[in-house]
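# Structural features, examined
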Amino acid sequence: GENVEQHPSTLSVQEGDSAVIKCTYSDSASNYFPWYKQELGKGPQLIIDIRSNVGEKKDQRIAVTLNKTAKHFSLHITETQPEDSAVYFCAASRRGAQKLVFGQGTRLTINP
Amino acid sequence: GAVVSQHPSWVICKSGTSVKIECRSLDFQATTMFWYRQFPKQSLMLMATSNEGSKATYEQGVEKDKFLINHASLTLSTLTVTSAHPEDSSFYICSAEPRETQYFGPGTRLLVL
């Protein structure tokens, strides 16, 4: 089955700097890759997703890149702000299979 | 995005009792919903897939007789933790998938004393 590895487990950056979180997946049939942000005591919130027919997607300060050949995808947050502090999860799934396989999570801390 | 709600947001119960958690899709119909469990500082673990009008599909290692799932309508799935024990204390989260994108509920924190 699918296995998703996420790095780093913790990341601390200065406010205004960029943050990058990376994930690798094992199943070459996976074709949907969402990223979720989870604040303490809350459910995960979808922040951006990408499907395998594109290599990059951007939404304001957030971008995701996908390398299907290498089977890895990354989340990029630019101009970080204190409210970006949270745990971020990547995930992967096959179209039609619905089941998401999650990475281990990255605790991002933005230092003022 | 789509809105998924859960009720209750937290519950404390005595060991041996049963607890029911509701998951609702508020602005869309969901033939499939998902139930996850999350321990502190860990990732989400899929427990089961809830299918409207049919039996749920449980992940390996999840006891179907302990975690009863009912998906009686296109907007409601329920998870009942039967004969709860302290080790069942956890954060339970549901999700639903309109248009091939999963949206999560706010979660239910269960504490079994």
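In what follows, the accompanying structure is described. This is a predicted model, so every value here is computed, not measured.

Moving on: the nonpolar core. Counting residues in hydrophobic clusters, the biggest one holds 26 residues, and the most contacted among them are Val4, Trp35, Phe67, Leu79, Tyr92 and Leu110 of chain B. Of all elements in the fold, only β2 (10–13), β3 (19–25), β4 (32–38), β5 (45–51), β7 (67–73), β8 (76–81), β9 (90–96) and β11 (108–112) of chain B reach the threshold of two or more residues within this core. In terms of nonpolar packing, the next biggest core, distinct from the first, is built from 24 residues, Tyr25, Phe33, Ile47 and Ala92 of chain A among them.

What follows is about the pairing of β3 of chain B. Residue and element names in this part refer to chain B. Residues Val19, Ile21, Cys23 and Ser25 line the buried face of β3, whereas the alternating positions Lys20, Glu22 and Arg24 sit on a face that is not buried. Across 4 bridges, strand β1 (residues 4–7) lies against β3 in antiparallel orientation. Residue Gln6 lies in a different strand from β3, and its bridge partner there is Cys23. Pairing geometry for β3 and β8, over 6 bridges, is antiparallel. In the sheet register, Glu22 faces β8, and the bridge partner there is Thr78.

This brings us to the sheet that holds strand β1 (residues 4–7) of chain A. Residues and elements named next belong to chain A. Strands sit in the order β1-β3-β8-β7-β6 across an open sheet of 5 strands; the sheet is antiparallel. Each end of this open sheet is capped by a strand with a single partner; those strands are β1 and β6 (56–59). Neighbour-to-neighbour, the strand axes of the sheet open up by a mean angle of 15°, direction not taken into account. Bridging between β6 and strand β7 (residues 62–67) involves 4 bridges; their strand directions are antiparallel. Paired with Asp59 across the two strands is Ile62, which belongs to β7.

Further remarks concern a nonpolar patch on the surface. Together, Trp10, Ile12, Leu111 and Leu113 of chain B make up an exposed nonpolar region whose accessible area comes to about 460 Å². Mapped onto the elements, Trp10 of chain B comes out in strand β2.

Calculation criteria
- Residues numbered from 1 in each chain as written.
- Chains lettered and ligands numbered in written order.
- Predicted model: local features only at pLDDT ≥ 70, side-chain atom pairs only at ≥ 80, totals over all residues.
- Heavy atoms only, no water.
- Core = buried A, V, L, I, M, F, W, Y, C linked by side-chain atoms within 4.5 Å.
- Buried < 20%, exposed > 50% of the residue type's maximum accessible area, 1.4 Å probe, protein only.
- Helix = DSSP H or I, 4+ residues; strand = E, 2+ residues; numbered from the N terminus.
- Pairing = 2+ DSSP bridges.
- Axes fitted to C-alpha atoms, helices over the stretch in contact; angles between N-to-C directions.
- Patch = residues over 30% accessible without salt bridge, like charges linked within 9 Å, V, L, I, M, F, W, Y side chains within 5 Å.
- Areas by Shrake-Rupley, 256 points an atom, 1.4 Å probe, with all protein chains shown as cover.
- Salt bridge = Lys/Arg side-chain N within 4 Å of Asp/Glu carboxyl O.

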